[in-house]
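Geometric and topological summary
Take a look at the letters that make up each chain.
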Amino acid sequence: MSEPAKIAVFISGGGTNLQSLINAAESGKVSGRIVLVISSREDAYGLERARKAGIDTFVYIVKKYSSKDAAHKDLLEMLEQYDVEYIALAGYLKLLPAPLVKRYKSRITNIHPALLPKYGGTGMYGHRVHEAVLASGDKESGATVHLVDEIYDHGRILLQGKVPVKPDDTPDTLAARVLEVEHRIYPEALENLIKGKYN
Ligand code: GRF
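The following refers to the structure shown. Nothing here was measured: the structure is a model prediction, and the numbers come from that model. (Residues numbered from 1 in each chain as written. Predicted model: local features only at pLDDT ≥ 70, side-chain atom pairs only at ≥ 80, totals over all residues. Heavy atoms only, no water.)

Focus on the packing of aromatic side chains
Within this structure, the stated rule accounts for 3 aromatic pairs. With a centroid separation of 5.1 Å and an interplanar angle of 90°, the aromatic rings of F10 and Y92 are classed as edge-to-face. Placement of the pair is F10 in strand β1 (residues 5–11) and Y92 in the loop between β4 (86–89) and α4 (98–103), with a sequence separation of 82 residues. As far as burial versus exposure is concerned, F10 and Y92 are alike and both buried. Taking the centre distance of 6.1 Å and the plane angle of 35° together, the rings of F58 and Y60 count as tilted. (Phe/Tyr/Trp six-rings, centres within 6.5 Å; stacked < 30°, edge-to-face > 60°. Helix = DSSP H or I, 4+ residues; strand = E, 2+ residues; numbered from the N terminus. Buried < 20%, exposed > 50% of the residue type's maximum accessible area, 1.4 Å probe, protein only.)

In structure tokens form, the structure reads like this:
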């Protein structure tokens, strides 16, 4: 049997998607092992989830380095040290450095809480996405797993899951419905990617 794929998950917040990936890796739904969780914030609750699961963590704050180049170099070295093969962004709010995107081409995924290409791009995150969907009058929304390139929410779409938008929805109720779909499709898309189903 081949070795499980080594995955790094990048977070900035609560990490419920991280948790769904941890669970999926532990149960074998994802044929990979999360070897490292990287957070852009020291206080991200997802770090706690990682520690509870016995996963190493790394807080990566570009401003703490003498230069952007030094920061990027350190990040790449960290990923190399852990032999990371796949990167899953899960609520990570920063743009990845271009050399990293190049190095991991077609092996970086992101999850977005809307049906891309609608409601994506710079500044479209968190409740802003759901507010925009509600303002548009769209009857459905959902979640998208896509490959990451140098542009926010732009890479190839791998998998989507839809939910209805209800007349009495608030950004909160819609977000909760979408989040359930996220937790289902992210492990599925990652497994497909690892298994070469998107080649
Ligand atoms: C999710 O809605 C995801 O789609 C977006 O950021 C949020 C992260 O939530 N990219 P969590 O930290 O995984 O709970």
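Section: helix α1 (residues 16–27)
If you check α1, its first and last C-alpha atoms are 16 Å apart, about what 12 residues at 1.5 Å a residue would give, namely 16 Å. Every buried residue belonging to α1 is among N17, L18, S20, L21, I22, A24 and A25, and all of these are buried. Residues of α1 that are buried in the fold lie against β1, β2 (32–39), α2 (45–52), β4, β5 (108–112) and α6 (171–194). Looking one or two residues beyond α1, the residue adopting positive phi is G28, at roughly 90°. (Expected span 1.5 Å × (residues − 1). Contact = heavy atoms within 4.5 Å.)

A short note on the nonpolar core
Buried together is how nonpolar side chains tend to be arranged in soluble globular proteins. Formed by 40 residues in total, the largest nonpolar core has its most connected members in I7, V9, I11, I34 and V37. Examining the composition of this core, we find that 9 residues originate from one element, α6, more than from any other. Beyond its immediate stretch of four places on either side in the chain, I11 contacts L18, V37, I38, S39, S40, A44, G46, L47, A90, G91 and Y92. (Core = buried A, V, L, I, M, F, W, Y, C linked by side-chain atoms within 4.5 Å.)

Side note on the pattern of salt bridges
Here the structure, examined in full by the defined rule, presents 10 salt bridges. A salt bridge links E140 to K162, with the shortest nitrogen-to-oxygen separation between them at 3.5 Å. You can see E140 sitting in strand β6 (residues 140–147) and its partner K162 sitting in strand β7 (residues 157–164), a full 22 residues away along the chain. Here E140 falls in the partly exposed class, since its relative accessible area comes to 38%. With a shortest N-O distance of 3.1 Å, K195 and E191 are connected by a salt bridge. According to the relative accessible area criterion, E191 is buried, its value standing at 14%. (Salt bridge = Lys/Arg side-chain N within 4 Å of Asp/Glu carboxyl O.)

Examining the sheet that holds β2
Taken together, 7 strands build an open sheet; the order of strands is β3-β2-β1-β4-β5-β6-β7 and the sheet is mixed. Every other strand in the sheet has two partners, leaving β3 (56–59) and β7 as the edge strands with one partner each. Strand after strand, the sheet turns through a mean of 20° between neighbouring axes, direction not considered. Seen against the sheet, α1 touches β1, β2, β4 and β5 and runs at an angle of roughly 160° to β2. Here helix α3 (residues 68–81) sits on the sheet in contact with β1, β2, β3 and β4, set at roughly 160° to β2. (Pairing = 2+ DSSP bridges. Axes fitted to C-alpha atoms, helices over the stretch in contact; angles between N-to-C directions.)

As for the layout of surface pockets
What the largest pocket holds in volume is close to 800 Å³. Lining the largest pocket are 36 residues; nearest its centre among them are G91, Y92, L93, I111 and Y125. Broken down by secondary-structure element, the contributors of at least two residues to the lining of the largest pocket are α1, β5, α5 (127–136) and α6. For the lining of the largest pocket, the per-class residue count stands at 16 nonpolar, 16 polar and 4 charged. (1 Å grid on protein atoms, 1.4 Å probe; cavity = no way out; pocket = protein on both sides within 12 Å on 5 of 7 lines; lining within 4 Å. Points joined across faces, edges and corners; volume = space filled by probe spheres on them. Nonpolar A, V, L, I, M, F, W, Y, C, P; charged D, E, K, R; others polar.)

Regarding the site of the ligand
In the region of the ligand, the neighbouring residues are G14, G15, T16, N17, G91, I111, H112, P113 and E182. Here T16 contributes a side-chain N or O atom positioned 2.6 Å from an oxygen atom of the ligand. Contacts to the ligand include P113, whose backbone N or O atom sits 3.5 Å from an oxygen atom. Relative to its free-state accessible area of 370 Å², the ligand is covered by the protein chains to the extent of 78%. Structurally, the ligand is housed in the largest pocket. (Near = heavy atom within 4 Å. Polar contact = N/O pair within 3.5 Å; in protein donor to acceptor, adjacent residues only side chain to side chain. Areas by Shrake-Rupley, 256 points an atom, 1.4 Å probe, with all protein chains shown as cover. Sits in = over half its atoms within 2 Å of the grid points.)

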